[in-house]
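Each chain is listed here by its residues.
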Amino acid sequence: MSVRTDESCASDVSSDSCEYYQTEIFGLLPSSQAHRRPHTDPVTHDPDKDRVSWNPSVPLRALPVCLQDKRDIKERQHVQRSSFGYWDSWRRSQQTTRRRLKEHVGGALSGLLPWRHTLHKIEGQFGVGVKAYFVFLRYLLCLNLLYCVIIAGSVLTPTLVYRENSGDPEKPRFGFKDIFVGSGVLENSPVFYSFYTRGGSLVSDCLNTPLLFLLGMISVLFLSIIMVVRRTVVGYKHSWLTGNRFSSNLSYKVFCGWDFSIQDSQAASLKQNFIRNELKMDLEEQTFHERVQSRSLRLWVRLFLLRVSLNFLVLVLLGSAFALIYYTIILSQQQKDLHWTVLSLMLEYLPPITMASINYILPHIFSKISEFEDYSLTIQLNLTLIRSIFLKLSTLGIYLVFLIRSTTEQTPTQPQPQTCGENAFGREMYKLTIFNFLECFFNAFFVAYPRTFLVERFPSSSLAQILGKKQFEIPFNVLDLVNSQTVTWVGVFYCPLLPAISSVRLLILFYLKKFTVVRCCVPAQRMFRTASSSVLFHFMLLLGLFMSVVTLVVNINRFEAGSCGPFKNTTVFNVTSVCVKTLPDPVQNTISYISSEAFAFTLILAEVVILTSYVSRGRANRNVIERLKDMLVMLRKHGHFIIIIIIIQ
């Protein structure tokens, strides 16, 4: 993994991506700034004259030439400007102004990213892996804030402005339990689905509360798909370019890895820790590869049988966890009629407590199992992540299936008008979000800090020596973020303010985790690279997004006629069809063709052609990259012969 300075992040990839995927070795090259710009051939050498020509659209400081050549180019620029006409001179000045404005705006936006100094400090003390977790958390926070803007503009504001006052004098009293369960006053507030009723002055066929609500939720889901897919693709490109097939040598990191612009002693200490962590990772990987090459056939057979047995044990543990969650959900549903007591609140939270306990215990068991399978540290991490995310998404899936079944079965048998199945589903997602925050708070101040206090205050005690200070477990913390974001996507349709609640939770969670890392954790003894793991983080997020879309589609089909909210006594399809019928005939014909099978077949065929062309280009680029790497190896081995030939010529 290479070291990238802040200046090398000024590329077509966002600065957030540069901080997250700090694996691009080509960013270390002096000419990387010019090569990453969307201009071709910024500098060319004139074969007839021994001087350099340039592309005027490229800034002078970005040209990969020496200082004397830049001075020569600047002098020729002054000479050529006198021969320009008025139109050419104005066009070039406007082009320069736009370029500088774009650079200033990009620098200002990158400077608005919060916690940059904190992330740099964490990177130096605990490595780039821990920093990757906090960058991932910041990314989810920004994403949820963007959801809040969309929902406020398309759903919340029109409803508050044009909503009719019901004038209902009977309002439920606010209780302490309402904060944790989402009942009482919160149930009739903008937090939940039933608040957004159709009425007021928005009564036209194509401009009403149901359509605005549907438009806002579809915008959130489409934006999520675009952002997560783009992030995953960018990460895969970085990890593929600089993955296992390319690594810088130790001598480069020792002699060329230092940043001589550092003047602060604390920054110098952080840089030393970062280089030391890099060298530690390289040595661990080299030791592991040497051990793998020295294995005999007997060891390989024994290792294969051991891995099969351990995977069977993993399946048994997963099946037992699913059965336990199913029975706790049934027990919680049977005891729902109890009056308000601490016991009733515990029963309300019995499924989340069980899911949290399983999701806390089993990933640690999976981590220990992966150590016996004798993989490299990065593969161990990825394998633990895959097993744990399957556990978390499966437990959440079982919970959602049971909720959908219970909601659709109870709605027809309960004729009370106040019963709202959609609100009940939203309350469950609200409870999961609140419990996730309570779990993080409890873990920080009642588990991690007392453990650190015991180790620091009584270091000679046997319990303190057994426990020791904890290490920040990146896979499990990332899984918690993915699980909580999946809950937000699943519940945003029935709890529209859930992204706002998640934003506040993530903001507090950042400082809780910062306190846990800086105050209660020690740097990991075994470092790992985040090149492939970062892609896996976003791939898991993509799986959670896919799960939320499937849940929403199933819910829309199961709740045929809404019992409350914007689609009361109607469905999503009826509202959209009424709007389509009021449109002009050409527009109706276009929409009808887009929704037909013929258009779907044409679209699939076009996608196949486009994907085939991209795959072909990818294979060609892969072959070119492999040839260039072979040429670099050859130049490194026979460089002194090439130097002799150049001197002779």
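Bear in mind that the values here come from a model prediction, so they are computed numbers and not experimental data. (Residues numbered from 1 in each chain as written. Predicted model: local features only at pLDDT ≥ 70, side-chain atom pairs only at ≥ 80, totals over all residues. Heavy atoms only, no water.)

The next thing to look at is the overall build of the chain. The number of helices and strands found in the chain is 23 helices and 4 strands. Across the 649 residues of the chain, 42% fall into the buried class. The contacts in the chain between residues at least 6 apart in sequence include a share of 75% that link residues at least 24 apart. Total accessible area on the chain stands at roughly 36600 Å², and carbon and sulfur atoms take up 64% of it. (Helix = DSSP H or I, 4+ residues; strand = E, 2+ residues; numbered from the N terminus. Buried < 20%, exposed > 50% of the residue type's maximum accessible area, 1.4 Å probe, protein only. Contact = heavy atoms within 4.5 Å. Areas by Shrake-Rupley, 256 points an atom, 1.4 Å probe, with all protein chains shown as cover.)

Taken as a whole, this structure holds 5 cavities of 30 Å³ or more when the rule is applied. In this structure, the largest cavity spans a volume of roughly 190 Å³. If you go around the largest cavity, you meet 16 residues; those closest to its centre are Leu432, Phe435, Asn436, Glu439 and Asn483. By residue number, the principal contributor to the lining of the largest cavity is helix H15 (residues 421–457), which donates 5 residues. When its residues are assigned to classes, the lining of the largest cavity shows 7 nonpolar, 5 polar and 4 charged. (1 Å grid on protein atoms, 1.4 Å probe; cavity = no way out; pocket = protein on both sides within 12 Å on 5 of 7 lines; lining within 4 Å. Points joined across faces, edges and corners; volume = space filled by probe spheres on them. Nonpolar A, V, L, I, M, F, W, Y, C, P; charged D, E, K, R; others polar.)

This part takes up the packing of aromatic side chains. Evaluated as defined, the whole model comprises 24 aromatic pairs. With a centroid separation of 3.7 Å and 10° between ring planes, the pair formed by Trp115 and Phe510 is classed as stacked. With a gap of 395 residues between them, Trp115 in the loop between helix H4 (86–111) and helix H5 (116–126) and Phe510 in helix H18 (residues 498–520) connect regions that are remote in the sequence. The class for Trp115 is buried, based on a relative accessible area of 14%. Between Phe441 and Phe445, the aromatic rings sit 4.9 Å apart at their centres with planes inclined by 45°, giving tilted as the arrangement. Of this pair, Phe441 and Phe445 are both found in helix H15, 4 residues apart, which corresponds to roughly one turn of the helix. The exposure class assigned to Phe441 is partly exposed, which follows from its relative accessible area of 37%. With relative accessibility at 33%, the residue Phe445 sits in the partly exposed group. Through a chain of ring-to-ring contacts, the aromatic side chains of Tyr193, Phe195, Tyr196, Phe213, Phe425, Phe493 and Tyr494 assemble into a single cluster. Here the basic side chain of Arg231 rests over the ring of Tyr139, its NZ or CZ set 4.3 Å away from the ring centre. Note that Arg295 overlies the ring of Trp300, its terminal NZ or CZ placed 4.9 Å from the centroid. (Phe/Tyr/Trp six-rings, centres within 6.5 Å; stacked < 30°, edge-to-face > 60°. Lys NZ or Arg CZ within 6 Å of the ring centre and 35° of its normal.)

What follows deals with the side chain of Ser394. With respect to the secondary-structure elements, Ser394 resides in helix H14 (residues 377–413). For Ser394, a relative accessible area of 17% translates into the label buried. Apart from the residues lying within four places of it in its own chain, the contact partners of Ser394 are Phe322 and Ile389.

Turning next to the packing of helix H13 (residues 350–372) against H15. Where H13 meets H15, the axes come as close as 10 Å, and the angle between the chain directions of the two elements is 50°. Between H13 and H15, the crossing angle belongs to the class labelled oblique. Considering the relative orientation of H13 and H15, their crossing is right-handed. Where H13 abuts H15, its residues Pro352, Ile353 and Ala356 lie against Leu432, Phe435 and Glu439. (Axes fitted to C-alpha atoms, helices over the stretch in contact; angles between N-to-C directions. Parallel < 35°, antiparallel > 145°, perpendicular 65-115°, else oblique. Left-handed = near helix turned anticlockwise from the far one by under 90°.)

Here the focus is the environment of Gly129. Mapped onto the elements of the fold, Gly129 is located in helix H6 (residues 128–162). In this structure, the C-alpha to C-alpha distance between Gly129 and Pro475, residues 346 residues apart in sequence, is 9.8 Å.

Before going further, it helps to examine the side chain of Ser502. Its location among the elements puts Ser502 in helix H18. Not counting the four nearest positions on each side in its chain, Ser502 is found in contact with Asn144, Thr433 and Thr488.

Three or more residues of helix H20 (residues 572–581) are buried, namely Val572, Val575 and Cys579. Along the axis of H20, the buried residues cluster in a sector spanning 75°; they form a single face. Residues of H20 that are exposed and point more than 90 degrees away from the buried face comprise Phe573 and Lys581. (Arc of directions from axis to C-beta.)

Our focus in this paragraph is unusual backbone geometry. For Asp374, which is not glycine, the phi dihedral falls at a positive 60°. By secondary structure assignment, the location of Asp374 is in the loop between H13 and H14.

In the predicted model, the chain carries a mean pLDDT of 75, and the fraction of residues at 70 or more is 74%. For the chain, helix H2 (residues 32–35) is the element with the lowest average pLDDT, namely 39, and H18 is the one with the highest, namely 91. Counted against residues more than four places away or in other chains, residues 1–42, with its pLDDT under 50, gives 102 contacts. Contacts of residues 411–417 to residues separated by more than four positions or lying in other chains number 2 contacts, the stretch itself having pLDDT below 50. (pLDDT = per-residue confidence, 0-100.)

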